[in-house]
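The lines below spell out each chain.
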Amino acid sequence: MNVPALIRKEALRKGLRNETIKTYITCVNKFFRVYRLDPRAITRKDVENYLDQLRNWNKSSSTINVNLQALKFFYEKVLKKKLTVNFETTKVRKRIPEFLTKEETSQLFDSIHNEKHQLMIKLLYATGMRVSELTSLQVKHFEFDQNYGWVRNGKGGKDRLFIVAVKLKKEIVQWIEKNSLQNDDWLFPGSARNHISASTIRKILKDSARKVGITKNVHPHTMRHSFATHLIQNGYAVTDVQPLLGHNSMQTTMIYLHMG
C-alpha cells in the first residue's frame, strides 16, 4: 500500500493545501516507522499508545494534535475506517510571542549589507507576512499605483491585501528594474528557476541578529510578531491589525495587546 500517494490523492480531492498534505504524510510515515504493520491491522489502541508516546517524548500539544488529525484523515478519509480515539487533546496554550523592539529592528536592517537580503527582511517586517508568503511573491502581485500588493493563496488558501510604504515601494521598483524582472517572475528568485527558500531567509535573520548582539531567538515569524506589536504600540486598533495579519479570529490578534 502506497500510503503517501493515497493521502495525497484524497487530500487534493478534498482541496487541502500542499503544506497540510506534506505535514499529514510526514506524520503518518513516522507512525508507520513505529508500527511496521499493514495499515488495516492497526487498532485504536495502537494510535492511543503512539500519542501517549509522543507526550512522553515531551512533544508539544500542537504537534500531538497535528499527528492525531493526520491519522484521523488517513483512516477516516482514505481507508474509510472510523477511528474513535480515546485521547484527550490538549488545547494549545497561547504564549506571548517574542518580538524585537523598534531599535533592534533598525539595528537588524542596518547589519544586512546585501541589497536583496535587506529588501526581503524589510518587506517581511513591513507587511507582517509569513515567510512562505514572502517567498511566493511575484511581480504581478503588486499594485504600485495604489501602494499595495496581494498575498495570493495565503494560509487557509485565502488572498489578502498588504500595504506598501512609499519608501519601500521605491526600493522594490528599483529592485525589479535593476534585475529586469517580468510580471510572472518571482520577486526574489532563488536557484533552478525557483523562488528564494525559507531556510535562506531564516539564516539571514539568525546571522544578522548574532552580528548585532540580539540574543532573542530571531526567525521569520519574529518579524511578523514585531510588525503587529509595533502597530498596536503606535495606536492601531486590533480590528485594523487583524486583516493585515490574515487572522480569522480577532482573539488570535488580541495576543498583541500585551504591549498596547
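Residues numbered from 1 in each chain as written. Predicted model: local features only at pLDDT ≥ 70, side-chain atom pairs only at ≥ 80, totals over all residues. Heavy atoms only, no water.

Caption draft 1: Fine view of the sheet that holds strand S1 (residues 142-143). With respect to topology, three strands assemble into an open sheet ordered S1-S2-S3, the strand pairing being antiparallel. At either margin of the open sheet sits one strand with a lone partner, and together these are S1 and strand S3 (160-163). Pairing of strand S2 (residues 148-151) with S3, which is carried by four bridges, proceeds in the antiparallel orientation. Across the sheet, the residue bridging to Val151 is Arg160, located in S3. (Pairing = 2+ DSSP bridges. Helix = DSSP H or I, 4+ residues; strand = E, 2+ residues; numbered from the N terminus.)

Caption draft 2: The arrangement of the layout of surface pockets in detail. When its volume is computed, the second largest pocket comes out at roughly 480 Å³. Contributing to the lining of the second largest pocket are 18 residues, with Tyr125, Ala126, Thr127, Ala165 and Phe227 lying nearest its centre. Where the lining of the second largest pocket is concerned, the elements lending two or more residues are helix H5 (102-111), helix H6 (115-127), S3, helix H8 (166-178) and helix H10 (220-233). Ranked by residues supplied to the lining of the second largest pocket, first place goes to H6 with four residues. Its residues assigned to classes, the lining of the second largest pocket comprises eleven nonpolar, three polar and four charged. (1 Å grid on protein atoms, 1.4 Å probe; cavity = no way out; pocket = protein on both sides within 12 Å on 5 of 7 lines; lining within 4 Å. Points joined across faces, edges and corners; volume = space filled by probe spheres on them. Nonpolar A, V, L, I, M, F, W, Y, C, P; charged D, E, K, R; others polar.)

Caption draft 3: Spotlight on the pattern of salt bridges. Applying the stated criterion to the full structure yields 18 salt bridges. A salt bridge links Lys80 to Glu10, with the nearest nitrogen and oxygen atoms 4.0 Å apart. Placement of the pair is Lys80 in the loop between helix H4 (61-78) and H5 and Glu10 in helix H1 (residues 3-14), with a sequence separation of 70 residues. A relative accessible area of 10% places Glu10 in the buried class. In this structure, Asp184 engages Lys140 in a salt bridge whose closest nitrogen and oxygen atoms are separated by 3.1 Å. Remark: Lys140 occurs in the loop between helix H7 (131-135) and S1 and Asp184 occurs in the loop between H8 and helix H9 (198-211); sequence separation between them is 44 residues. Since its relative accessible area comes to 39%, Lys140 is described here as partly exposed. What you see here is one network of salt bridges that share partners, running through Glu10, Arg13, Lys14 and Lys80. (Salt bridge = Lys/Arg side-chain N within 4 Å of Asp/Glu carboxyl O. Buried < 20%, exposed > 50% of the residue type's maximum accessible area, 1.4 Å probe, protein only.)

Caption draft 4: Just the side chain of His230, in detail. Looking at where His230 falls in the secondary structure, it is placed in helix H10. We classify His230 as buried; its relative accessible area is 3%. Every residue in contact with His230, bar those within four places of it in the chain, is listed here: Phe99, Leu100, Thr101, Lys102, Thr105 and Tyr125. (Contact = heavy atoms within 4.5 Å.)

Caption draft 5: The arrangement of the packing of aromatic side chains in detail. Applying the stated criterion across every chain, the model contains eleven aromatic pairs. For the pair Phe32 and Phe74, a centre-to-centre distance of 5.9 Å together with 80 degrees between the ring planes defines the contact as edge-to-face. Placement of Phe32 in helix H2 (residues 18-34) and of Phe74 in helix H4 is noted, with a sequence separation of 42 residues between them. In this structure, Lys216 packs its charged tip against the face of Phe99, placed 5.8 Å from the ring centre. (Phe/Tyr/Trp six-rings, centres within 6.5 Å; stacked < 30°, edge-to-face > 60°. Lys NZ or Arg CZ within 6 Å of the ring centre and 35° of its normal.)

Caption draft 6: Quick peek at a positive patch on the surface. A cluster of basic side chains, namely Lys30, Arg33, Arg36 and Lys59, defines a positive patch on the protein surface. Mapped onto the secondary structure, Lys59 falls in the loop between helix H3 (44-56) and H4. Overall, the relative accessible area of 42% leaves Lys59 in the partly exposed class. (Patch = residues over 30% accessible without salt bridge, like charges linked within 9 Å, V, L, I, M, F, W, Y side chains within 5 Å. Areas by Shrake-Rupley, 256 points an atom, 1.4 Å probe, with all protein chains shown as cover. Lys, Arg positive; Asp, Glu negative; His and termini not counted. Charge placed at Lys NZ, Arg CZ, Asp CG, Glu CD.)

Caption draft 7: Structural view of the packing of H2 against H3. Packing of H2 against H3 brings their axes to within 11 Å, and their N-to-C directions diverge by 105 degrees. It follows from the interaxial angle that H2 and H3 lie roughly perpendicular. Side by side, H2 and H3 meet where Cys27, Lys30, Phe31 and Val34 of the first sit next to Asp46, Val47 and Tyr50 of the second. Of the residues contributing to the contact of H2 with H3, the split by class is five nonpolar, no polar and two charged. (Axes fitted to C-alpha atoms, helices over the stretch in contact; angles between N-to-C directions. Parallel < 35°, antiparallel > 145°, perpendicular 65-115°, else oblique.)

Caption draft 8: Spatial organisation of the environment of Val164. For Val164, the location among the structural elements is in the loop between S3 and H8. Of the residues examined, Val164 reaches a relative accessible area of 4% and is grouped as buried. Counting along the chain gives 93 residues from Val164 to Leu71, while the straight-line C-alpha distance between them is 41 Å. Non-local contacts of Val164, meaning those with residues more than four positions away in its chain, are made with Phe142, Asn147, Tyr148, Gly149, Lys169 and Ile172.

Caption draft 9: Expanded view of H8. Here H8 is 13 residues long and its end C-alpha atoms lie 18 Å apart, about the 18 Å a rise of 1.5 Å per residue gives. By the burial criterion, the buried members of H8 are Leu168, Ile172, Trp175 and Ile176. The arc that holds every buried residue of H8, seen down its axis, measures 100 degrees, which confines them to one face. In H8, the exposed positions that point more than 90 degrees away from the buried face belong to Lys167, Lys170, Gln174, Glu177 and Lys178. Tucked inside the fold, the buried residues of H8 contact H6 and S1. (Expected span 1.5 Å × (residues − 1). Arc of directions from axis to C-beta.)

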